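Below are the chains, spelled out letter by letter.
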There are 2 protein chains.
Amino acid sequence: MGVVNKKNKQANMKLHTVKGYLWVFVNALIDNPAFDSQTKETLTTRQASFGSTCELSEEFLKKVSSSGVVSNLLSWAEFKLNKELKKTDGTKKTSIVGIPKLEDANDAGGKNSDKCTLILTEGDSAKALAMAGIGVVGRDHYGVFPLRGKLLNVREASHKQLMENAEIQNIKKILGLQHEKKYDSTKGLRYGHLMIMTDQDHDGSHIKGLLINFIHKEWPSLLKVPSFLVEFITPIIKATKGKAVKSFYSMPDYEAWKESLGGSASSWTIKYYKGLGTSTAQEGRDYFEDITHHKKDFVWADDKEDGEAIELAFSKKKIAERKDWLTNYQPGTCLDQREKRIKYSDFINKELILFSMADLERSIPSMVDGFKPGQRKILFCSFKKNLVKESKVRQRVFEFVYWNHHACSLICYRYWLQVAQFIGYVSEHSAYHHGEQSLASTIIGMAQDFVGSNNINLLEPRGQFGTRNAGGKDAASARYIFTRLQPITRLIFPKDDDVLLNYLNEDGQSIEPSWYMPIIPMVLVNGSEGIGTGWSTYVPNYNPRDIIANLKRLLNNETIVPMVPWYRGFKGSLKETSSKATGVTYTITGVIEEVPDTRLKITELPVRRWTTDYKEFLESMCPIP
Amino acid sequence: MGVVNKKNKQANMKLHTVKGYLWVFVNALIDNPAFDSQTKETLTTRQASFGSTCELSEEFLKKVSSSGVVSNLLSWAEFKLNKELKKTDGTKKTSIVGIPKLEDANDAGGKNSDKCTLILTEGDSAKALAMAGIGVVGRDHYGVFPLRGKLLNVREASHKQLMENAEIQNIKKILGLQHEKKYDSTKGLRYGHLMIMTDQDHDGSHIKGLLINFIHKEWPSLLKVPSFLVEFITPIIKATKGKAVKSFYSMPDYEAWKESLGGSASSWTIKYYKGLGTSTAQEGRDYFEDITHHKKDFVWADDKEDGEAIELAFSKKKIAERKDWLTNYQPGTCLDQREKRIKYSDFINKELILFSMADLERSIPSMVDGFKPGQRKILFCSFKKNLVKESKVRQRVFEFVYWNHHACSLICYRYWLQVAQFIGYVSEHSAYHHGEQSLASTIIGMAQDFVGSNNINLLEPRGQFGTRNAGGKDAASARYIFTRLQPITRLIFPKDDDVLLNYLNEDGQSIEPSWYMPIIPMVLVNGSEGIGTGWSTYVPNYNPRDIIANLKRLLNNETIVPMVPWYRGFKGSLKETSSKATGVTYTITGVIEEVPDTRLKITELPVRRWTTDYKEFLESMCPIP
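Residues numbered from 1 in each chain as written. Chains lettered and ligands numbered in written order. Predicted model: local features only at pLDDT ≥ 70, side-chain atom pairs only at ≥ 80, totals over all residues. Heavy atoms only, no water.

- Going by an unreviewed UniProt entry, chain A carries the name DNA topoisomerase 2 and comes from Aegilops tauschii subsp. strangulata.
- You can read under Sequence similarities (unreviewed entry) in the UniProt record for chain A the words "Belongs to the type II topoisomerase family."
- Under Function (unreviewed entry), UniProt gives the following word-for-word description of chain A: "Control of topological states of DNA by transient breakage and subsequent rejoining of DNA strands. Topoisomerase II makes double-strand breaks." (UniProt positions renumbered as here; feature names shortened; annotations may be inferred.)

So this is what it looks like as structure tokens:
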């Protein structure tokens, strides 16, 4: 049973099923056997009275595992699972009910079903746009169904996940898809075309990719049916000048046009349309009136190339390949939006890769400044806000760094800024897209100074920013706490360097630079953690003085000295416990002492072991009193 | 059974329990009866073969209901419920486990338990402050337990709610409280004092009130034990000047001091401390070093007065009294923070009432401008942002309103503002405390223009602000949509009036006025809904032209004409269906037509019936195909 469940994790094999597939003949000698009847069919002597036990050897069990029994059981398990999946199959019928938010095409599932297109939209607001468009093209041949966000990555999903995923089941039902069926046309389906309509941003690309992945995994034949899978594209930028309107479907197109105009580009008004929600209902109607210009077919060009590209992007087995793929990414890569047909491999390698790169960028800190984009935006806004409230300039020499030969100007806030207000400022001035809560915890994290948090906190905390009791989760609400730049921050990120930085631009707004250039490697000072696509990172904290000493050595062409992690204020010890080619392992130990009456007193926990959690752990080991 | 369950909703009486309390003797004549044995103990003839049925008369059943059986069952039910509650009783023991986040006092439950104080804090960050303070006063006599937010109002809570409320059960355990026990001292408890420590804001008052309500409902005797229940107060404002620090524990105290200083008050730096989280760990230590100054005892002065006050505030039976109580509220009411002892009735009538008033203010719109505070803040910030970006002033006469004798100046945004950025701006500039999500939906709501939303939307939508499909829930993400002031808004809220308004001040920041003065009653134009404490409101939308016509009549001393609700763009009909002293009822009807092939075509739904919901409702009535 164990062997089968291991080979097929979905199998959920039960003992009684195994019994049905297995005969075991035992040749044994039992003293004074008792039987249930004269025919001696069943032995009724209890096992304990046998007088001997039958231990099966490892070797015997191994032979059983490699016998036909296991493969029989495996195919039985697969049959059972497929049968369950088939239960959720769709059928070709003209009307279906019980799918909330579906707007079914009038002809779906009927004799004109091959002319019907189901539009899958990214969320309810995109559905509203599609509904406006359908007002133009009519409801006979167009249906709309809003996706609730990111579709499940079905490639390695468990049977249970598939069965319980309402979105997957609904798409199967709406299209009338049947499990394991091979399609050479769309005749058996309720719709002849599946159109995906997402925002023009990275997450939109991801959703398209996940849909392609779903169809490819379950019905690879369908992707080869011409113009079954199509996408609806909307402009990413519109330029207006008087009554003239120019639409651009990719940033490079827009930039090329802008360059071609030279100085006269500024007379055009530019509007960004990254989200479908930016378009008004009227614009939705306009797009659909000109639907041939907004529709693109995905095409299956080559089994090897297209199939492998999809697997590369979504299979858990391709982690190493995915790393190579991302490593070889060329900045500037993008899908040529003028092509009417998109090869799947091109979609993966030229569009989806941008999502994966963006995902990496937001999860893995920059080596240069140690920041993830959210943190960088906050520092940028601290500086920017500062520039406005600039009040007091003092000259001071940065004691740490001797090569910083000119004195830095130190600028302080005169006023403490309420964190809630600062959140408002950051989201207004730096195109921060991930919600107030996440912004609040990033700001608070940058100002924390308890042991195990920052070695140098760039923001100064005033009020409750969290403690070692709960690892900072006990910070107060953003409207009760205040912060400002630490005086040291502008010494590490000198104002004079600001002009050297490469400031990014989002939708016409100038935002934070691609990275800052701290005078010491901040990624080592405060450490960092993150999990992205293909890669993850874990950098412990180091002592700024060690780092600076090494920097001096480097400047003097001396050999640098290996450093051990260091956490400001930590009273326990840190010891290297193993050192391999892949990295060094350290063991961090707290402080514990014996106090007279047979008790132990813990005065220091290891770094990032928090008091409340640890007490709960200790309590869980206590006998119930 | 039904009767019992009706008299005690918690009883959950089962049939078999009733049987145990009831004997029914039936005198009946059965033809050819069959029995189980010669002793004829049980009749085995089936009921269907009796030849007659025994219908019990209404009168008979009524007699049964008023017999002793019901009261017996009721007391049995109560006994059972109490037994369950007793199961969760605490006991006086020196160590308890299994309560996450509790920091128990060393002496709690021991022979010095009467010297121990349990500090209940509002949230984890306040716990961190209390922990800092305990570093000063020691852990022998002080324990801390953080509340997770608002305690359950136990007064009308169901048995199930009480049993499942982890917070209530934990407090019982930590204090060692026993169900229904009468306490004349705290000797039987694990702690001698219960100290509540909340933010200095309205929600903090509410939490104190809910705790008092909990103790009063379950153990009224405990509230009479002197200094059992105490509160820990922290300054609400600190004024600093050089090394001098002055702390104020109420706003009137601070204002009196400020006035006494006259012009020289400006040389002091003022800091607001409404949240406990604003205080640093050092400040926490300072407070606890001077604990006698920060501790206040609640005192039970008078059974009638104190008990009735608590019930007035929390009992469902006192809705009418609560209305009177709030109606008689005098602006400026506040608890004298110089008193060392607080009578419960004073707490209710002078502190908790401020919470109830604030709750009303944020839930019920102002009659003057039709706004709830959130909407007013958004309008205020629209105007404020506008002042900065002021770009184009046009003169135009407001066509609607002839008495507005001077031409209004109409100021437009030149740029559309991204809603996400506007959210940032509003939270920075208007002390908005209820989160980005709620702010986003309020902004979006003010810009919606589909049928059933606003008759005059003050903000202009650009992008997807929602449709009748989903009642506006299908609006796009705040970062994809844009808004600006409608040209008409400044005509309704003339700029010239701005100087007449009473601008509020929060923590030193000048924010929105107490109300705007629109030139027509906007509460009638866009309607409003809300549920507060004691009151709720529902105002339908009216036609601005009807309103203006009536205003003209008023100005001309003519009689005004009753108006019927009106929704811009609505194609259905609206009819008065009843008219009573308490109000008029209207029935709103959509449009439905017969189309040839036995089908019906709905072209208009009643106002605020949304398409998706309605389709689901229709589908639910369809036979499964």
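### Brief notes about the pattern of salt bridges
- Using the criterion set out here, one finds 53 salt bridges over all chains in the structure.
- Its salt-bridge partner being glutamate 167 of chain A, residue arginine 148 of chain A comes within 3.8 Å of it at the nearest N-O pair. On the criterion of sequence distance, the pair formed by arginine 148 of chain A in the loop between β2 (142-147) and α6 (159-164) and glutamate 167 of chain A in helix α7 (residues 166-175) is long-range, its members being 19 residues apart.
- Residues joined in a network through salt bridges with shared partners are Glu103, Lys127 and Arg139 of chain A together with Lys615 of chain B. (Salt bridge = Lys/Arg side-chain N within 4 Å of Asp/Glu carboxyl O. Helix = DSSP H or I, 4+ residues; strand = E, 2+ residues; numbered from the N terminus.)

### As for the environment of glutamate 58 of chain B
All names here are of chain B.
- Among the secondary structure elements, glutamate 58 is positioned in helix α3 (residues 58-65).
- Of the residues examined, glutamate 58 reaches a relative accessible area of 64% and is grouped as exposed.
- On a C-alpha basis, the gap between glutamate 58 and proline 540 in space is 46 Å, while along the polypeptide they are 482 residues apart. (Buried < 20%, exposed > 50% of the residue type's maximum accessible area, 1.4 Å probe, protein only.)

### Brief notes about the packing of helix α13 (residues 303-314) of chain B against helix α14 (residues 319-327) of chain B
All names here are of chain B.
- For the pair α13 and α14, the least separation of the axes is 8 Å and the interaxial angle reads 100 degrees. One way to sum up the angle between α13 and α14 is to call them roughly perpendicular. Contacts from Glu311, Leu312, Ala313 and Phe314 in α13 reach Glu321, Arg322 and Trp325 in α14.
- Taken together, the residues that form the contact of α13 with α14 break down as 4 nonpolar, no polar and 3 charged. (Axes fitted to C-alpha atoms, helices over the stretch in contact; angles between N-to-C directions. Parallel < 35°, antiparallel > 145°, perpendicular 65-115°, else oblique. Contact = heavy atoms within 4.5 Å. Nonpolar A, V, L, I, M, F, W, Y, C, P; charged D, E, K, R; others polar.)

### Details of the UniProt feature "domain: Toprim" (unreviewed entry) in chain A
- Under the UniProt annotation, the feature "domain: Toprim" (unreviewed entry) is placed at residues 116-230 of chain A.
- Taken as a whole, residues 116-230 of chain A contains 46% helix and 17% strand, while its terminal C-alpha atoms sit 12 Å from one another.

### Points about the relation of the copies chain B and chain A
- For the match of chain B to chain A, the screw axis carries a shift of 0.1 Å, the RMSD comes to 0.2 Å, and the turn is 180 degrees. When the rotation and shift are considered jointly, the pair of chain copies conforms to a two-fold rotation axis. If distances are taken from each C-alpha of chain B to the rotation axis, the shortest is found for glycine 424 of chain B, at 1.8 Å.
- Looking at chain B, 100% of its interface residues are interface residues in chain A too, so the copies touch through the same face. (Least-squares fit on C-alpha atoms with pLDDT ≥ 70 in both.)

### Let's talk about the packing of aromatic side chains
- As enumerated under the stated definition, the model contains 30 aromatic pairs over all chains in all.
- Ring centres of phenylalanine 450 of chain A and tryptophan 610 of chain A lie 5.6 Å apart, and the angle between their planes is 85 degrees; on these two criteria the pair is classed as edge-to-face. Placement of the pair is phenylalanine 450 of chain A in the loop between α18 (436-447) and β13 (459-462) and tryptophan 610 of chain A in the loop between β22 (599-604) and α22 (611-621), with a sequence separation of 160 residues. By the burial criterion, phenylalanine 450 of chain A is buried, and tryptophan 610 of chain A matches it.
- Among the aromatic residues, those joined into a cluster by ring pairs are Phe248, Tyr254, Trp257 and Trp268 of chain A.
- Over the face of the ring belonging to phenylalanine 617 of chain A we find arginine 609 of chain A, whose NZ or CZ atom lies 5.6 Å from the ring centre.
- Over the aromatic face of tyrosine 273 of chain B sits the side chain of lysine 271 of chain B, whose NZ or CZ is 4.7 Å from the ring centroid. (Phe/Tyr/Trp six-rings, centres within 6.5 Å; stacked < 30°, edge-to-face > 60°. Lys NZ or Arg CZ within 6 Å of the ring centre and 35° of its normal.)

### Observations regarding the interface of chain B and chain A
- The interface is formed by 54 residues belonging to chain B together with 54 residues belonging to chain A.
- A combined buried area of about 4,300 Å² lies between chain B and chain A, and 49% of that area is made up of carbon and sulfur atoms.
- Among the residues chain B hides against chain A, the three largest losses belong to Gln421, Glu428 and Tyr480 of chain B. Together they make up 14% of the total.
- Two residues, glutamate 103 of chain B and lysine 615 of chain A, come together in a salt bridge whose shortest N-O distance is 2.8 Å. (Buried area = accessible area lost by both parts, 1.4 Å probe.)

### Remarks on the environment of tyrosine 538 of chain A
Residue and element names in this part refer to chain A.
- With respect to the element layout, tyrosine 538 can be found in strand β18 (residues 536-539).
- Separated by 40 residues in the primary sequence, tyrosine 538 and serine 578 place their C-alpha atoms 17 Å from one another.
- Discounting residues that sit within four places of it in the chain, tyrosine 538 has contacts with Ser528, Glu529, Tyr567 and Arg608.

### Topic: a nonpolar patch on the surface
- Together, Met367, Val368, Val499, Leu500, Trp515 and Met517 of chain A line one region of the surface with nonpolar side chains, adding up to about 640 Å² of accessible area.
- Examined against the element boundaries, valine 368 of chain A turns out to sit in the loop between α15 (344-363) and α16 (373-389). (Patch = residues over 30% accessible without salt bridge, like charges linked within 9 Å, V, L, I, M, F, W, Y side chains within 5 Å. Areas by Shrake-Rupley, 256 points an atom, 1.4 Å probe, with all protein chains shown as cover.)

### Concerning the domain arrangement of chain A
All names here are of chain A.
- Domain boundaries assigned for chain A yield domain 1 (1-86), domain 2 (89-234 + 275-362), domain 3 (237-272) and domain 4 (371-519).
- When each unit is reduced to the centre of its C-alpha atoms, the spacing between domain 2 and domain 3 is 29 Å.
- Opposite the 9 residues of domain 2 that make contact, domain 3 presents 7 residues.
- For the domain 2 and domain 3 pair, buried surface summed over both sides reaches about 680 Å², with 54% attributable to carbon and sulfur atoms.
- At the boundary of domain 2 with domain 3, the tally comes to 1 salt bridge.
- Of the charged contacts, one joins lysine 238 and glutamate 283 as a salt bridge, the two residues approaching to 2.9 Å between their closest N and O atoms.
- Across the contact surface, domain 2 and domain 3 share 2 residue pairs in polar contact (both at pLDDT 80 or more). (Domains from an automatic or database assignment. Polar contact = N/O pair within 3.5 Å; in protein donor to acceptor, adjacent residues only side chain to side chain.)

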